[in-house]
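Examination of the molecular architecture
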Amino acid sequence: MLGVVPSPTLVSDAVAERLSSFLERMRVESAEYGPDASALIDSAADTLVGGKRLRARFCHAGWRGVSRFADRSAAESIALWDVCASLEIFQSAALVHDDLIDNSDTRRGRPAAHRALERSHRDAGWWGDAAAFGRSSAILLGDLLVAWSDDLFEDAVAALPHAASVRREYARMRRDVTVGQFLDIAEESAWSVNATDSHVERALRVVSLKSARYSIEQPLVLGAAIAGAADDQVLSLRRFGHPVGMAFQLRDDVLGVFGDASVTGKPAGDDLREGKRTVLVALTRQTLETSTRTLFDEMLGDPDLTAEQIAFLQATISASGALEKVESMISDYAIEADRALSGARLDNAAVGDLRDLARAATVRAA
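Predicted model, so just to flag it, every value in this text is computed and none were measured.

Attention now moves to the overall build of the chain. Within the chain, the secondary structure is distributed over 16 helices and two strands. The C-alpha atoms of the chain give a radius of gyration of 21 Å, which matches the 21 Å a tight globule of 366 residues would have. Seen through its C-alpha atoms, the chain measures out along the principal axes to roughly 65 × 60 × 35 Å. The 366 residues of the chain split such that 51% are buried. For the chain, contacts bridging at least 24 residues in sequence account for 77% of all contacts bridging at least 6. By element, 53% of the accessible surface of the chain is carried by carbon and sulfur atoms, the whole surface being about 16,300 Å². Taking the average place of the 41 positive charges on the side chains of the chain and the average place of its 54 negative ones, the gap between the two points comes to 4 Å.

Among the nonpolar cores identified, the biggest contains 69 residues, and Trp148 and Phe240 are the most heavily contacted of them. When sequence neighbours within four positions are dropped, the list of residues in contact with Trp148 reads Phe22, Leu23, Met26, Ile41, Ala44, Ala45 and Ile89. Within the second largest apolar cluster, 28 residues are counted, among which are Val207, Val257, Met329 and Tyr333.

It is worth spelling out the packing of helix α3 (residues 54–67) against helix α9 (residues 231–258) at this point. Look at α3 against α9: their axes get within 11 Å of each other, and the N-to-C directions meet at 155 degrees. As judged from the angle between their axes, α3 and α9 are roughly antiparallel. The way α3 lies across α9 gives a crossing that is right-handed. Of the residues in α9, those touching α3 at Leu54, Phe58, Gly62 and Val66 are Gln233, Leu237, Phe240, Val244 and Phe248.

This next bit is on the packing of aromatic side chains. The geometry of an aromatic ring pair is captured by two quantities: the separation of the ring centres and the angle between the planes. For the structure on display, the rule yields four aromatic pairs. Pairing Phe90 with Tyr214 gives two aromatic rings, centres 5.9 Å apart and planes at 70 degrees, and the pair type is edge-to-face. One end of the pair, Phe90, is in helix α4 (residues 74–102); the other, Tyr214, is in helix α8 (residues 199–226), and 124 residues separate them in sequence. Accessibility assignment for this pair places Phe90 and Tyr214 in one class, buried. Above the ring of Trp191, the side-chain terminus of Arg277 is found at 3.8 Å from the ring centroid.

Glancing now at α3. For α3, which comprises 14 residues, the first-to-last C-alpha distance of 20 Å matches the rise-based estimate of 20 Å (1.5 Å per residue) to within 8%. Of the positions making up α3, those classed as buried are Leu54, Arg55, Ala56, Phe58, Cys59, His60, Ala61, Gly62, Trp63, Gly65, Val66 and Ser67.

Quick notes on the rules
- Residues numbered from 1 in each chain as written.
- Predicted model: local features only at pLDDT ≥ 70, side-chain atom pairs only at ≥ 80, totals over all residues.
- Heavy atoms only, no water.
- Helix = DSSP H or I, 4+ residues; strand = E, 2+ residues; numbered from the N terminus.
- Rg over C-alpha atoms; globule rule 2.2 N^0.38 Å.
- Buried < 20%, exposed > 50% of the residue type's maximum accessible area, 1.4 Å probe, protein only.
- Contact = heavy atoms within 4.5 Å.
- Areas by Shrake-Rupley, 256 points an atom, 1.4 Å probe, with all protein chains shown as cover.
- Lys, Arg positive; Asp, Glu negative; His and termini not counted.
- Charge placed at Lys NZ, Arg CZ, Asp CG, Glu CD.
- Core = buried A, V, L, I, M, F, W, Y, C linked by side-chain atoms within 4.5 Å.
- Axes fitted to C-alpha atoms, helices over the stretch in contact; angles between N-to-C directions.
- Parallel < 35°, antiparallel > 145°, perpendicular 65-115°, else oblique.
- Left-handed = near helix turned anticlockwise from the far one by under 90°.
- Phe/Tyr/Trp six-rings, centres within 6.5 Å; stacked < 30°, edge-to-face > 60°.
- Lys NZ or Arg CZ within 6 Å of the ring centre and 35° of its normal.
- Expected span 1.5 Å × (residues − 1).

Here it is as structure tokens:
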């Protein structure tokens, strides 16, 4: 499989194969750390189970869009899959830290990493505060996953003729998403000292850094860079990927408020309990009377919100017209992305895959 270009439906299998090989090597190299450390290694491996493999799919699509313009070797294909796998490891690191920051109890329908580590402390009968152990261990778990991502990425690109450009994009991706995560956290407090009419712009900046670039645009460019993309091809992929990423995150924000917990794997209205200052929230607040806005702000971010309070906030958002506006924004971004592909110097079959991926990323229930 590794020497050929599979259809997008096989991307997950190819990435799983590379992850399995990498994890086997990590377990061997980590044996000297002892039995307690093996629990951390197991926890890291557990975070790599499941998921949509979205970043790997877009990375592969970027490579496919460019690779037909030159003969590519089997070794380069292996490098592609290892970079795809490294993206998925980095995403696991981001999710471990994200769940810790947000005090989320679940991820993909299972206990979040810090909760699972907390439980392992209790099950082992260890002395001390299990919750504190879980939080501290999760920080280190995320750090370990970042290190693993770097290890696999560097092994993959070492012999590539275009390694420098791939490294630059990967480094920029890591910086962007880290700063975006900080701005997301900061906005949960900073909104109170900034004008209401600035909140949408501030929220869109977070969307761009934390999700649009990291989830879609930069994986596309990484795949293309592996194949030695020309400047015009990279520009076309950026012009396509960024609006798709914006739409993807806006859809995620809608699901964070209105999603079905049985489908999303997260409690209904979880973003409301976490106090996420999303575009959806910013647009809602612009239309509310002062008294209603004050009540809305007092409720948003309360981790103990009842089902009735969640329903009230959902109804307030819907009645404000914010949900309709966000749906319109999602549609506009999707149209912008599609137009970016017209006349682009990319493989025709890959363009079809990109359009399918855009629909999957923006029209979804989880």
